[in-house]
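The residues making up each chain are set out below.
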Amino acid sequence: IVDRFGRALAISVPVSSVWIHPEKTQIWADTDVVKVAKILGVNQNFVRKKIKQKSYFVYLKRRISPNVRDQLVSLSLPGVHFVQEPKRYYPMGEIIAPVLGFTGVNDHGLEGLEVSYDAWLSGAEGVQIVEQDPAGHVLAVEKVVHRAHPGKTLVLSIDHRLQMFAYQALSEGVKKAHAASGSVVVLSPKTGEILAMANYPSFN
């Protein structure tokens, strides 16, 4: 999502998620469980329950930092794998948060413009019939049922500079008046376009 000048207001960047193959992780020593839990910042019993599940694929934690990924890799534990997933970032934070809204863990919109234009921003997944070996490796694509389509950019009439000034003036005004909250909308008198729209208090 970008403003009228192309400045990024919401962007998705690839980050790593860690998953495990429980049949291979059940041989971990208890000290390994302690180390993994500490690196991920989760409870040790949480990790123990995950490695005891009867499945070939279990998320241990999604969207981890590069530093956390490097620490897990350094342990060289069996059954630990990584997959890249998108994570949403909002460069202007609380200044425009109520307008943009936010996405959930699967990167689909839950509030604001993110949910209103979710189909436009997300694109569509593809479906294809493939031939696999017993290990799950794709040997050949037999048929493409539906082709995948990438998401598109959403261009707003918002001017990021006016948005910043409007939010700052609004927050100062609400505090000065000892008000519970406030809202402001800045319109272009010639076109009716919304150049800024802010609420205070906001959220990040």
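Whatever comes next refers back to the structure up there.
Residues numbered from 1 in each chain as written. Predicted model: local features only at pLDDT ≥ 70, side-chain atom pairs only at ≥ 80, totals over all residues. Heavy atoms only, no water.

(A) Highlighting helix α8 (residues 160-176). Helix length check: α8, at 17 residues, gives a terminal C-alpha distance of 24 Å against a target of 24 Å (1.5 Å per residue), a fit within 8%. Among the residues of α8, His-160, Gln-163, Ala-166, Tyr-167, Leu-170, Ser-171 and Val-174 are the ones counted as buried. Taken down its axis, α8 places every buried residue within 130° of arc, on the same side. Across α8 from its buried face, at more than 90 degrees, point the exposed residues Phe-165 and Lys-176. (Helix = DSSP H or I, 4+ residues; strand = E, 2+ residues; numbered from the N terminus. Expected span 1.5 Å × (residues − 1). Buried < 20%, exposed > 50% of the residue type's maximum accessible area, 1.4 Å probe, protein only. Arc of directions from axis to C-beta.)

(B) Representation of the pattern of salt bridges in the model. Across all of its chains, the model carries 5 salt bridges by this definition. Residue Arg-4 pairs with Glu-193 through a salt bridge whose shortest N-O separation is 3.3 Å. With Arg-4 in the segment before β1 (11-20) and Glu-193 in the loop between β6 (182-187) and β7 (194-200), the pair connects residues that are 189 residues apart, well separated along the chain. Judged by its relative accessible area of 34%, Arg-4 falls in the partly exposed class. (Salt bridge = Lys/Arg side-chain N within 4 Å of Asp/Glu carboxyl O.)

(C) Fine view of the nonpolar core. Core analysis: the largest hydrophobic core is formed by 18 residues, its most contacted members being Ile-1, Leu-9, Ile-96, Leu-100 and Leu-156. Of all the elements in the fold, those that place two or more residues in this core are α5 (97-100), α8 and β7. The leading source of residues in this core is α8, at 3 residues. If we ignore the near neighbours within four places in the chain, the residues touching Ile-1 are Arg-7, Ala-8, Leu-9, Ala-10, Arg-88, Leu-100, Glu-114, Leu-121, Leu-154 and Leu-156. Among the nonpolar cores identified, the runner-up in size contains 17 residues, and Val-36, Ile-64, Leu-72 and Leu-77 belong to it. (Core = buried A, V, L, I, M, F, W, Y, C linked by side-chain atoms within 4.5 Å. Contact = heavy atoms within 4.5 Å.)

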